Amino acid sequence: MSKTDIRSLTYEELSEKLSELNLPKFRTAQVYSWLYEKGVTSFDEMTNLSKDLRAVLSDNFEIKNCRIDLKQVSKIDGTVKYLYELDEGEFVECVVMNYKYGYSVCISTQLGCKMGCKFCASAIGGFKRHLTPSEMLSEIYTAQKDLNIKISHIVLMGTGEPLDNFDNVLRFLELVTAEKGLNISIRHISLSTCGIVPKIYELADRQLGLTLSVSLHAPNNELRSNTMPVNDKWSIEELLKACRYYTEKTSRRISFEYAMIKGVNDSESCAKELAKRLKGMLCHINLIPVNNVRENAYLKSDNKSMKAFIDILEKNGLTVTVRRTLGSDIDASCGQLRAKKIKTD
């Protein structure tokens, strides 16, 4: 008999499952507290439950966990990078960053990635499967317990495409924002997508209140298709139409991520074309010095090109930021640590 993934259940679903086992209703609050407030990794840790009851739970449910395989701490800024091992021996990454407003965690949503963006290490080793809501939660619980901290912000920008794992990600958001759980505000959660257009429309219609980040990385179809295969399915025109719908439906500003790649997309003509594309949209542009990944030859733009690019965008009325580089000494960019592990195993 297959066991139920207990930490992927809502409070109501857990209550229903326990009722089916003829357990009194007050047990739901006890078990839920252990799972979602304390983040236990086994039923044996539920010490206010009898041994017999813990055995019943163990016979019917499973708690999916991450175990720390490797931990790296930046000597530059204290950023922590984890390589977690999952139950079946697969590996996934997570990064914890310390900002003035608190601790932010960047979590993975898939084992590997299907999208194949050429400048990203996440697709190295191929796509394995979607992560469950409980596994995404475990990334956070494991980091909190190890560092003895409280996470206040979440970024779904690690390995994987969140909108490709749409249903599991929505359930994760429901669980992580639940008042009786981690109770993290939805407005403190950012979701990054390479541009799965139908799901952007669906996300807009749900009006969840999260921050949507879109990996744009080019001002036109030719350049974008050269680095991002997803653009062959949904053109930049289709993507930006969906983004405008999102801002109109939610009144939330979109963040466009733009990796600055030397000699590829960082020219002044690219900046002018990008400014024309985004003019009048409720958005801001987050420029990212591209990461040097061993498996490709892309280099980050120099400071002169970066400054000229910013000047053009700002002169056209667009808000621009440059992403602060954290954990540069510990392979903190998504996919790099996992790629190393895959190659050495």
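Scroll up to find the structure.
Residues numbered from 1 in each chain as written. Predicted model: local features only at pLDDT ≥ 70, side-chain atom pairs only at ≥ 80, totals over all residues. Heavy atoms only, no water.

Asks: I'd like a description of the overall build of the protein, backed by residues and values.
Replies: Helix and strand counts for the protein come out as eleven helices and 14 strands. Taking 2.2 N^0.38 as the reference for a compact globule, 345 residues should give roughly 20 Å; the C-alpha atoms of the protein span a radius of gyration of 21 Å, in line with that estimate. Partitioning the contacts of the protein with sequence separation of at least 6, the portion at a separation of at least 24 is 67%. Here the protein displays about 15600 Å² of accessible surface, and carbon together with sulfur accounts for 48% of that area. Charge-centre separation for the protein: the mean point of 48 positive side chains lies 4 Å from the mean point of 44 negative side chains. (Helix = DSSP H or I, 4+ residues; strand = E, 2+ residues; numbered from the N terminus. Rg over C-alpha atoms; globule rule 2.2 N^0.38 Å. Contact = heavy atoms within 4.5 Å. Areas by Shrake-Rupley, 256 points an atom, 1.4 Å probe, with all protein chains shown as cover. Lys, Arg positive; Asp, Glu negative; His and termini not counted. Charge placed at Lys NZ, Arg CZ, Asp CG, Glu CD.)

Asks: I'd like to hear about helix α6 (residues 197–206), residue by residue, with values.
Replies: Side chains that are three or four residues apart share a direction in an α-helix, a result of its 3.6 residues per turn. Along α6, the residues that are buried comprise Val197, Ile200, Leu203 and Ala204. Seen along its axis, α6 keeps its buried residues to an arc of 115 degrees; they face one direction. In this structure, the buried side of α6 is in contact with α5 (166–176), β10 (189–193), β11 (211–215) and α8 (236–250). Within two residues after α6, Gln207 carries a phi angle of roughly 50 degrees, on the positive side. (Buried < 20%, exposed > 50% of the residue type's maximum accessible area, 1.4 Å probe, protein only. Arc of directions from axis to C-beta.)

Asks: Account for the state of the cysteines, with residues named and values stated.
Replies: Inspection of every chain in the model, using the stated rule, returns zero disulfides. Sulfur of Cys194: no disulfide; nearest cysteine sulfur belongs to Cys117 and is 5.2 Å away. Classification of Cys194 by relative accessible area gives buried; the value is 6%. (Disulfide = S-S within 2.5 Å.)

Asks: Any chance you could break down the environment of Glu12 for me, citing the residues and the numbers?
Replies: Inspection of the secondary structure assignment puts Glu12 in helix α1 (residues 11–20). Overall, Glu12 belongs to the exposed group, its relative accessible area being 57%. Measuring from C-alpha to C-alpha, the distance between Glu12 and Val40 comes to 20 Å, with 28 residues separating the pair along the chain.

Asks: So what's going on with unusual backbone geometry? Residues and values would help.
Replies: One non-glycine residue, Asn148, lies in positive phi territory at about 55 degrees. Tracing the backbone through its elements, the reader meets Asn148 in the loop between α4 (133–147) and β9 (151–156). Even without glycine at this site, Asn183 takes up a positive phi of about 55 degrees. With respect to the helices, strands and loops of the structure, Asn183 is situated in the loop between α5 and β10. For Asn183, a relative accessible area of 45% translates into the label partly exposed.

Asks: An account of the pattern of salt bridges is requested, with residue identities and associated values reported.
Replies: Applying the stated criterion across every chain yields a total of 15 salt bridges. Glu93 is the salt-bridge partner of Lys81, the closest N and O atoms lying 3.0 Å from each other. Of this pair, Lys81 sits in strand β4 (residues 80–85) while Glu93 sits in strand β5 (residues 91–99); the two residues are twelve residues apart in sequence, bridging distant segments of the chain. Like Glu93, Lys81 is buried. Here the salt bridges do not stand alone but share partners, grouping Glu13, Arg171 and Glu174 into one network. (Salt bridge = Lys/Arg side-chain N within 4 Å of Asp/Glu carboxyl O.)

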